[in-house]
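# Per-entry structural report
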Amino acid sequence: MLDTTPTHYRPPTGRLKRLLFALVPGAARLAIQKSRLRRLNAEFADLPVSEIFTQIYARALWGRSSDPLQPHCSGTGSRDCAVVDSYVSSVRVWLQTFSTPPSVVDIGCGDFEVGSKIRDVCGRYSACDVVAPLILSNSRRWASYDVDWKVLDASIESPPPANIAFLRQVLQHLSNNKIACVLGGLVGRVDWVVVTEHLPQNQFVSNVDVPTGSGTRLIQGSGVVITDPPFSFQVNQSEVLTDVASAGGRIRTIAYKISRPDDGANTDQLANMAIGFV
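Residues numbered from 1 in each chain as written. Predicted model: local features only at pLDDT ≥ 70, side-chain atom pairs only at ≥ 80, totals over all residues. Heavy atoms only, no water.

For the protein, the count of helices and strands is 7 helices and 7 strands. Tracing the protein from N to C terminus, the helices and strands come up as α-α-α-α-β-β-α-β-β-α-β-β-β-α. Looking at the 278 residues of the protein, the share that counts as buried comes to 52%. For the protein, long-range pairs separated by at least 24 residues make up 68% of all intrachain contacts whose partners lie at least 6 apart in sequence. For the protein, the exposed surface amounts to about 12200 Å²; the carbon and sulfur share of it is 52%. (Helix = DSSP H or I, 4+ residues; strand = E, 2+ residues; numbered from the N terminus. Buried < 20%, exposed > 50% of the residue type's maximum accessible area, 1.4 Å probe, protein only. Contact = heavy atoms within 4.5 Å. Areas by Shrake-Rupley, 256 points an atom, 1.4 Å probe, with all protein chains shown as cover.)

Moving on: the pattern of salt bridges. Applying the stated criterion across every chain yields a total of 6 salt bridges. Through salt bridges with shared partners, one network takes in Asp243, Arg250 and Arg252. (Salt bridge = Lys/Arg side-chain N within 4 Å of Asp/Glu carboxyl O.)

Turning our attention to the environment of Gln169. In this structure, Gln169 sits in the loop between strand E4 (162–168) and helix H6 (176–186). By relative accessible area, Gln169 is classed as buried at 0%. For the pair Gln169 and His198, spaced 29 residues apart in the sequence, the C-alpha separation amounts to 6.9 Å.

Turning our attention to the nonpolar core. Counting 39 residues, the largest nonpolar core has Phe53, Leu167, Leu171, Leu186, Val193 and Ile226 as the members making the most contacts within it. Every element with two or more residues in this core is listed here: helix H2 (26–44), helix H3 (49–58), strand E1 (104–107), E4, H6, strand E5 (190–200) and strand E7 (249–258). Ignoring any residue separated from it by four or fewer positions in sequence, one finds Leu186 in contact with Ile107, Pro159, Ala165, Leu167, Val193 and Ile258. Counting residues in each nonpolar core, the second largest holds 25 residues, with Val114, Tyr125, Ala127 and Ile164 among its members. (Core = buried A, V, L, I, M, F, W, Y, C linked by side-chain atoms within 4.5 Å.)

Along any regular strand the residues' side chains alternate between the sheet's two faces. Pairing of strand E6 (residues 235–246) with E7 involves 10 bridges; the strand directions are antiparallel. Note on E7: the bridge partner recorded for Val240 is Ile254. (Pairing = 2+ DSSP bridges.)

This paragraph deals with the sheet that holds E5. Strand-to-strand pairing in sheets goes through backbone hydrogen bonds, with the strands running parallel or antiparallel. Across the sheet, 7 strands lie side by side as E3-E2-E1-E4-E5-E7-E6; this open sheet has mixed pairing. The open sheet has two edge strands, strand E3 (148–151) and E6, and neither has a second partner. Each neighbouring strand pair of the sheet contributes to a mean axis angle of 15 degrees, computed without reference to strand direction. Where E4 lies against E5, 6 bridges are found, and the strand directions are parallel. If you follow Ala162 over to E5, its bridge partner there is Val190. Of the strands in this sheet, strand E2 (125–129) and E3 are in contact with helix H5 (residues 132–141), which crosses E3 at around 165 degrees. Of the strands in this sheet, E1, E4, E5 and E7 touch H6, which is tilted by about 165 degrees from E4. (Axes fitted to C-alpha atoms, helices over the stretch in contact; angles between N-to-C directions.)

Further remarks concern the state of the cysteines. Per the counting criterion, the structure on display carries 0 disulfides. Cys109 takes part in no disulfide bond, and the closest cysteine sulfur, belonging to Cys128, lies 6.9 Å away. Residue class for Cys109 comes out buried when judged on its relative accessible area of 3%. For Cys128, a relative accessible area of 1% puts it in the buried group. (Disulfide = S-S within 2.5 Å.)

The following block contains the structure:
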């Protein structure tokens, strides 16, 4: 779940079609993009999360892979060198501040092109995704990386406990209801959550609700901020690890130290969210 194209639909195929689409005026292009996204959302409306993202990969809505060992592609979020290099460099430095290599749960690990670049500075590493064929191909492609691969929907299942949970461009594809469930499932199971999100370039209204799917809030001029309402996720500290301009916005990574259940924070509100969005 890593694509960063603002509209998150498959662009027109063929060089000529792409060139013609690029010539469409900005306002008209945005209207076309929104229309296509609405059609996709309608198709996915009644599907479970696992089926939605399985279809996204099967239909190559985030792009196609040229690697025969990895037929799945998580989009430019895992392939754009400027974005990935900044993330990997900053996160590696941060991970090495721990006294011992921290255990990690990578939620929505996608094609693991990014996770593979930080694996060696982590301790025990669990990589989870809702797409079963993706996890199978990952387990073959990255067999030598000592990763515990899991098919898991973090909006309805608890992730493995770890020092750190990575959510790299995952929440941006989920509805507010599903985000609340994911966050609720982290409380008491991890100490840190490292969240990467594609955000608008300038000031914006956070957490505008969208359907779960291939799109994000960027096309609505919004982005996910877990410490803002309606989540108001309580943290003890936070640190911006990287902030890179990309595709009409910014891809920002923040490490949050989570308030523990015995702090009296998060527990009641997010437990309620995990039962049903409030």
